[in-house]
Amino acid sequence: MLGEKHLFSKWKATAIVPMFLDTLKLQESVVKWLNSFMQVLDLAELKVSIALVNGVGLTTLKLKPSRRLRRMADVKSRLTQDEVEQLQHLLGSRSLSLLYKASVHGYNASIFHAKCDAQGPTVAVAYNGSGYVFGGFTNQCYVSSGGYIKDEKAFLFRVKSKEGVLSPLKIPVKTATSAIYDHSSNGPNFGGGALQLLDQNAAAAATSSNDNYTFNVADLHGNDLGLTKCEVYRVEDISSFLESPWRKITWTTEERGKIMEEIRSYKPYLNSVPQIRILVLGPVGAGKSSFFNSVNSVFRGYVTSQALAGSDNASMTTQYRTYPVKDGRDGKPLPIILCDTMGIEEKSGTGLEIDEVPNIIKGHVPDRYQFNPAATLHSDSPGYVKTPSLKDQIHCVAFVIDGCKIEILPEKLEDKLKQLRRKVNQFGIPQLVLLTKVDEICSTLEDVKCVYNSKAVEKQMRITAEKLGIPLAQIVPVKNYCSELDLSCDVDILLLSAVRQLIRLAESYLDNFPFERPKEEL
């Protein structure tokens, strides 16, 4: 057999194959047969000669690969290992197969489409002389349709910035209906010019922040539009799930009942605190109010919506609300009160102000207090609780984070969340992150029971831990009831597990206060 090194060598290679040839006619047949491989092997030169040595025919092959075959040997990925890892991080643990390399195949849109059309999801990667590695991803197929392709999962990215420094950036599509411009005369074109590679069929890019993708063009490529390389890869799913869950949960109706009873029967060991208070904080739209509604639904026995929830650019919650959770419609209150606030927003002067949080934690803010971002509550404000007791204060904080958006949190919003964490830490209040929308994080997560098998969910939890500086053990995934009309045992178990963990953290906070002997012992 001819080794790969023979086929792809730039020099003539020689292979000597022993063959038992006892007739001249057979020798001639072998020569004719071998010469027929000239085209099959794409060789520029093939010489065959046969010599008889001690009755054994030695067939000598002299071959030289064609120019095209030698060029194909150069079709190798330019991506380094750390760049591949960053790309996979952005793409969600997927494998990459090189389809098109402009430096080999040509900086030409027609060739790009010939190589990449009908190949499924692809990622285009560009390199410039300033060290930037950037590009775009589409979850749809190129088909040379001559128009726009809708893609809600498309995004632009940067893997490395100036001088090749690892600096990942993800820019999600803003107008999904115009995510990709798919024309045979254009190379990879994201958003109709937001990012266009192979511009004018040359080693160049063109960018323009528009309504389809919003970004600072200098952040993407440092204003260096000349390309040193351009590659397109097919993006293929690898196994989305771990063989065994990395956290153990029992998914049975018995377990659901067991956790519910554990919550019902919980009693804070301090007589002065009949119910623990849990402050729920998070960005607008993350699911704060929906979390209370979902927990309330579990104990009501049907899906209900007491707290105002929905989707809007501004916070749906404008008041401070304290929500006791009842065990059934006419049941007794459970030992938890969920305290809802305005959502946190990126811009200053909007949403919950950081300076309001100490007042809430210390119990100075009354129920139904109307937030005013322009003026925080002070001691002379109407309704200000001047001497709150321990039972009026916050015993645990739940940060509600949209698991689908943690990677693309605006920098100012991320800074606000970190400031809030530091503020809460000053009071020694324990915290738990509720990572919502787990069913949207992983598109193949059809069964909530597989949440701890999902690599995508685990990845988002680790990113959350890194961004917010909170231990992974203090992050739990949840799914709120949003579109469902009926309860699900598995969704209930995730919600109940989160509540149980909040109670345990609150209990650890109350351990800081002097022990009170139960009333019956007095």
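Look up: the structure comes first, before these words.
All values derive from a computational prediction rather than experimental measurement. (Residues numbered from 1 in each chain as written. Predicted model: local features only at pLDDT ≥ 70, side-chain atom pairs only at ≥ 80, totals over all residues. Heavy atoms only, no water.)

## Details of the overall build of the chain
Part 1 of the reasoning: When helices and strands are tallied, the chain shows 15 helices and 21 strands.
Part 2 of the reasoning: Buried positions account for 48% of the 522 residues belonging to the chain.
Part 3 of the reasoning: For the chain, restricting intrachain contacts to residue pairs at least 6 apart in sequence, the fraction spanning at least 24 positions comes to 69%.
Part 4 of the reasoning: Here the chain displays about 25100 Å² of accessible surface, and carbon together with sulfur accounts for 50% of that area. (Helix = DSSP H or I, 4+ residues; strand = E, 2+ residues; numbered from the N terminus. Buried < 20%, exposed > 50% of the residue type's maximum accessible area, 1.4 Å probe, protein only. Contact = heavy atoms within 4.5 Å. Areas by Shrake-Rupley, 256 points an atom, 1.4 Å probe, with all protein chains shown as cover.)

## Re helix H12 (residues 411-426)
Part 1 of the reasoning: With 16 residues, H12 extends 23 Å from end C-alpha to end C-alpha; this agrees with the ideal 22 Å at 1.5 Å per step.
Part 2 of the reasoning: Of the residues making up H12, those classed as buried are Leu413, Glu414, Lys416, Leu417, Leu420, Arg421 and Val424. Seen from one end, H12 has its buried residues packed into an arc of 155°, which puts them on one side. Summarising the geometry of H12, the exposed residues directed more than 90 degrees from the buried face are Glu411, Lys412, Arg422 and Gln426.
Part 3 of the reasoning: Where H12 is buried, its residues contact helix H11 (356-361), strand E19 (396-402), strand E20 (431-436) and helix H14 (455-468).
Part 4 of the reasoning: Just past H12, the residue Gly428 takes up positive phi, approximately 70°. (Expected span 1.5 Å × (residues − 1). Arc of directions from axis to C-beta.)

## A short note on the environment of Arg94
Part 1 of the reasoning: Relative to the helices and strands, Arg94 is located in strand E4 (residues 94-101).
Part 2 of the reasoning: For the pair Arg94 and Asp237, spaced 143 residues apart in the sequence, the C-alpha separation amounts to 5.0 Å.

## Some details on the packing of helix H10 (residues 288-300) against helix H15 (residues 489-510)
For any two helices packed against each other, one specifies the inter-axial angle together with the distance between the axes.
Part 1 of the reasoning: For the pair H10 and H15, interaxial distance at closest approach is 10 Å and the crossing angle is 105°. With respect to H15, the element H10 is oriented roughly perpendicular. When H10 is examined against H15, the residues Phe291, Ser294, Val295, Val298 and Phe299 are found in contact with a partner set consisting of Asp492, Leu495, Leu496, Ala498, Val499 and Leu502.
Part 2 of the reasoning: Here the residues of the contact of H10 with H15 are counted per class, giving nine nonpolar, one polar and one charged. (Axes fitted to C-alpha atoms, helices over the stretch in contact; angles between N-to-C directions. Parallel < 35°, antiparallel > 145°, perpendicular 65-115°, else oblique. Nonpolar A, V, L, I, M, F, W, Y, C, P; charged D, E, K, R; others polar.)

## As for the pairing of strand E15 (residues 276-281)
Part 1 of the reasoning: Counting buried positions along E15 yields six of six residues, so the element is predominantly enclosed.
Part 2 of the reasoning: Of the two faces of E15, the one lined by Ile276, Ile278 and Val280 and the one lined by Arg277, Leu279 and Leu281 are each fully buried.
Part 3 of the reasoning: The pairing of E15 with strand E17 (residues 333-340) spans five bridges and is classified as parallel. Opposite Ile276, over in E17, you have Ile336 as the bridge partner. (Pairing = 2+ DSSP bridges.)

## Re the side chain of Glu356
Part 1 of the reasoning: Checked against the element boundaries, Glu356 lands in helix H11.
Part 2 of the reasoning: Although Glu356 is buried, it forms no salt bridge, and the closest oppositely charged side chain is Lys362 at an N-O distance of 11 Å. (Lys, Arg positive; Asp, Glu negative; His and termini not counted. Salt bridge = Lys/Arg side-chain N within 4 Å of Asp/Glu carboxyl O.)

## With respect to the packing of aromatic side chains
Part 1 of the reasoning: This structure, assessed with the given rule, holds nine aromatic pairs.
Part 2 of the reasoning: Judged by centre distance (5.5 Å) and plane angle (85°), the rings of Trp246 and Tyr452 are edge-to-face. In this pair, Trp246 is assigned in the loop between strand E14 (227-237) and helix H9 (253-264) and Tyr452 in the loop between helix H13 (438-441) and H14, connecting sequence segments 206 residues apart.
Part 3 of the reasoning: When its relative accessible area of 26% is taken as the criterion, Trp246 is described as partly exposed.
Part 4 of the reasoning: For Tyr452, a relative accessible area of 5% translates into the label buried.
Part 5 of the reasoning: Among the aromatic side chains, those forming a connected cluster through ring pairs are Tyr100, Phe112 and Tyr142.
Part 6 of the reasoning: Its guanidinium or amino end placed over the ring of Phe155, Lys170 lies 4.6 Å from that ring's centre, counting from NZ or CZ.
Part 7 of the reasoning: The ring of Trp246 has Arg462 sitting right over it, with the charged end atom 5.8 Å from the ring centre. (Phe/Tyr/Trp six-rings, centres within 6.5 Å; stacked < 30°, edge-to-face > 60°. Lys NZ or Arg CZ within 6 Å of the ring centre and 35° of its normal.)

## Regarding the sheet that holds E14
Part 1 of the reasoning: Taken together, the six strands give an open sheet; going across it, the order is E4-E14-E5-E6-E8-E9, and neighbouring strands pair in antiparallel fashion. Looking along the sheet, the strands with just one partner apiece sit at the ends: E4 and strand E9 (166-172). Taking each pair of neighbouring strands and ignoring which way they run, the sheet shows an average axis angle of 25°.
Part 2 of the reasoning: Here seven bridges tie strand E5 (residues 122-128) to E14, and the two strands are oriented antiparallel to one another. In the sheet register, Asn128 faces E14, and the bridge partner there is Leu227.

## A look at the nonpolar core
Part 1 of the reasoning: Of all hydrophobic cores here, the largest spans 88 residues; its most connected members are Leu279, Phe291, Phe299, Tyr320, Ile394, Leu434 and Leu510.
Part 2 of the reasoning: By residue number, the principal contributor to this core is H15, which donates 13 residues.
Part 3 of the reasoning: Residue contacts for Leu434: discarding those within four places in its chain leaves Phe291, Ala398, Phe399, Val400, Ile401, Val476, Val478 and Ala498. (Core = buried A, V, L, I, M, F, W, Y, C linked by side-chain atoms within 4.5 Å.)

## A look at H15
Part 1 of the reasoning: Over its 22 residues, H15 extends 31 Å from the first C-alpha to the last, a length consistent with the 32 Å expected when each residue adds 1.5 Å.
Part 2 of the reasoning: Counting buried positions over the 22 residues of H15 gives 17, a clear majority of the element.

## Digging into the pairing of strand E16 (residues 319-326)
Part 1 of the reasoning: Where E16 and strand E18 (residues 369-370) come together, two bridges link them in antiparallel fashion. Note that in E18 the partner of Tyr320 across the bridge is Tyr369.
Part 2 of the reasoning: Across five bridges, E16 lies against E17 in antiparallel orientation. Across the sheet, residue Pro324 finds its bridge partner in E17, namely Ile337.
Part 3 of the reasoning: Connecting the antiparallel pair E16 and E17 is a turn made up of six residues, with Gly328 showing a positive phi of about 90°.

## A closer look at the pattern of salt bridges
Part 1 of the reasoning: With the rule as written, the count across this model stands at 22 salt bridges.
Part 2 of the reasoning: For the salt bridge of Arg78 with Glu83, the shortest nitrogen-to-oxygen distance reads 3.6 Å.
Part 3 of the reasoning: Assessed through its relative accessible area of 35%, Arg78 is described here as partly exposed.
Part 4 of the reasoning: Two residues, Asp439 and Lys479, come together in a salt bridge whose shortest N-O distance is 3.8 Å.

## Quick word on the sheet that holds E18
Part 1 of the reasoning: One open sheet accounts for seven strands, arranged E18-E16-E17-E15-E19-E20-E21; its pairing is mixed. Taken across any chain shown, the strands that pair with only one partner, and hence form the sheet edges, are E18 and strand E21 (475-477).
Part 2 of the reasoning: Against the sheet, H14 engages E19, E20 and E21, with an angle of about 150° to E21.

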